Amino acid sequence: MSSNVRPESMERITTEALANAFIEDQIKELRAQIGSKKVLLALSGGVDSSVVAALLIKAVGKQLVCVHVNHGLLRKGEPEQVIKVFRDEMDANLVYVDAVDRFLDKLAGVAEPEKKRKIIGAEFIRVFEEEARKQDGIEFLAQGTIYPDIIESDGVKAHHNVGGLPEDLKFELVEPVKLLFKDEVRVVGKALGLPDNMVYRQPFPGPGLGVRCLGAITRDRLEAVRESDAILREEFAKNGLEGKVWQYFTAIPDFRSVGVKDGKRTFAYPVIIRAVNTKDAMTATVENVPFELLQHITDRITHEVENVNRVLFDLTPKPSGTIEWE
Ligand code: XMP
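If you're wondering where the values come from, they're calculated on a predicted model, not measured in any experiment. (Residues numbered from 1 in each chain as written. Predicted model: local features only at pLDDT ≥ 70, side-chain atom pairs only at ≥ 80, totals over all residues. Heavy atoms only, no water.)

**Thoughts on the site of the ligand**
Around the ligand lies a shell of 12 residues, among which R117, Q247, K318, I323 and E324 are the nearest. A distance of 2.6 Å separates an oxygen atom of the ligand from a polar atom in the side chain of R117. Q247 is positioned with one of its side-chain polar atoms (N or O) 2.8 Å from an oxygen atom of the ligand. Alone, the ligand offers 490 Å² of accessible surface; in the complex the protein occludes 76% of this. Classifying every residue of the shell around the ligand by side-chain character gives five nonpolar, four polar and three charged. (Near = heavy atom within 4 Å. Polar contact = N/O pair within 3.5 Å; in protein donor to acceptor, adjacent residues only side chain to side chain. Areas by Shrake-Rupley, 256 points an atom, 1.4 Å probe, with all protein chains shown as cover. Nonpolar A, V, L, I, M, F, W, Y, C, P; charged D, E, K, R; others polar.)

Written out as structure tokens, the structure reads:
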């Protein structure tokens, strides 16, 4: 499948049967393209790269080398899930790279949002390049490019883009889901047996929690945003909001306020809850989260998360606010 144009005759993949037919076709095409060579994939654990990994594991097994870079800005439990699903359950050839200190050292003291994004993107390519050089005989680079990436941005995908690799590492591209829309990728992922919380997960930006730990990232605030986000996700799942709300997360600013806990004065950070609905992320409305649930989440966050003494709810639609705070 080398053309970047979706044929008008291509049926929308809406059922398991259609997904299985697509999977069978892809396995044949991937085997024909790759032969006995090796393929490299940056596996973030997001739906697109996970579906590509699962397809390639079926097609070429251990010829696929997945590289999962933990940059320290992933959500709670994500690196562990990637290892469990792909290495333990699918027996994939998975290289796990703990690059947490590297990223956080590079980001120390950097407060400007676009500068943070650039550092995260550039460091990701550097880490990936190092891992690519350690592997012998790689000839292909797999990518989770999907059709909207091709339509909207000339095939350049912000969070999977390893197009910044140096000349001598310019591998031939393998992009098995490049003609699919997001909903189709999910149907295929489900048919491939990936877990629901991987297949139906909400969008998560490439720079991850890096743009939700506002200003210069510090480890204490990064942990606070990761823990509060995990509580928010757990409560949304328990209360039927997972899958209903388009995107929800917490952000943590870089200022503190006075509070009181166990009769003692505290000076700690607030956490901001954002929960929005949108079709295309260009505009968004705020989810009407039940007040009692917000109170319960506030109670949990202020009691369970270190260095946090207040919780705020962001009532701002897009415009005037963007979905992320940075
Ligand atoms: P904004 O904040 O612009 O976000 O309203 C719209 C959507 O894009 C996501 N987003 C990003 N995704 N890299 C990404 O891969 C980024 O740097 C980035 N910034 C925002 C955001 O989560 C929302 O879904």
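**What about the domain arrangement of the protein chain?**
Split by domain assignment, the protein chain resolves into domain 1 (16–199) and domain 2 (212–313). Between the C-alpha centres of domain 1 and domain 2 there is a distance of 29 Å. Taken together, the contact pairs 13 residues of domain 1 with 12 residues of domain 2. With both chains or domains summed, domain 1 and domain 2 bury close to 1100 Å², and 53% of this area falls on carbon and sulfur atoms. (Domains from an automatic or database assignment. Contact = heavy atoms within 4.5 Å. Buried area = accessible area lost by both parts, 1.4 Å probe.)

**Quick look at the packing of aromatic side chains**
Scanning the entire structure with this criterion turns up three aromatic pairs. Centre to centre, the rings of Y147 and F181 are 5.5 Å apart; their planes meet at 90°, and the pair counts as edge-to-face. In this pair, Y147 sits in helix 6 (residues 147–153) while F181 sits in the loop between strand 5 (172–174) and helix 7 (182–191), placing the two residues 34 residues apart along the sequence. Over the face of the ring belonging to F204 we find R75, whose NZ or CZ atom lies 4.1 Å from the ring centre. (Phe/Tyr/Trp six-rings, centres within 6.5 Å; stacked < 30°, edge-to-face > 60°. Helix = DSSP H or I, 4+ residues; strand = E, 2+ residues; numbered from the N terminus. Lys NZ or Arg CZ within 6 Å of the ring centre and 35° of its normal.)

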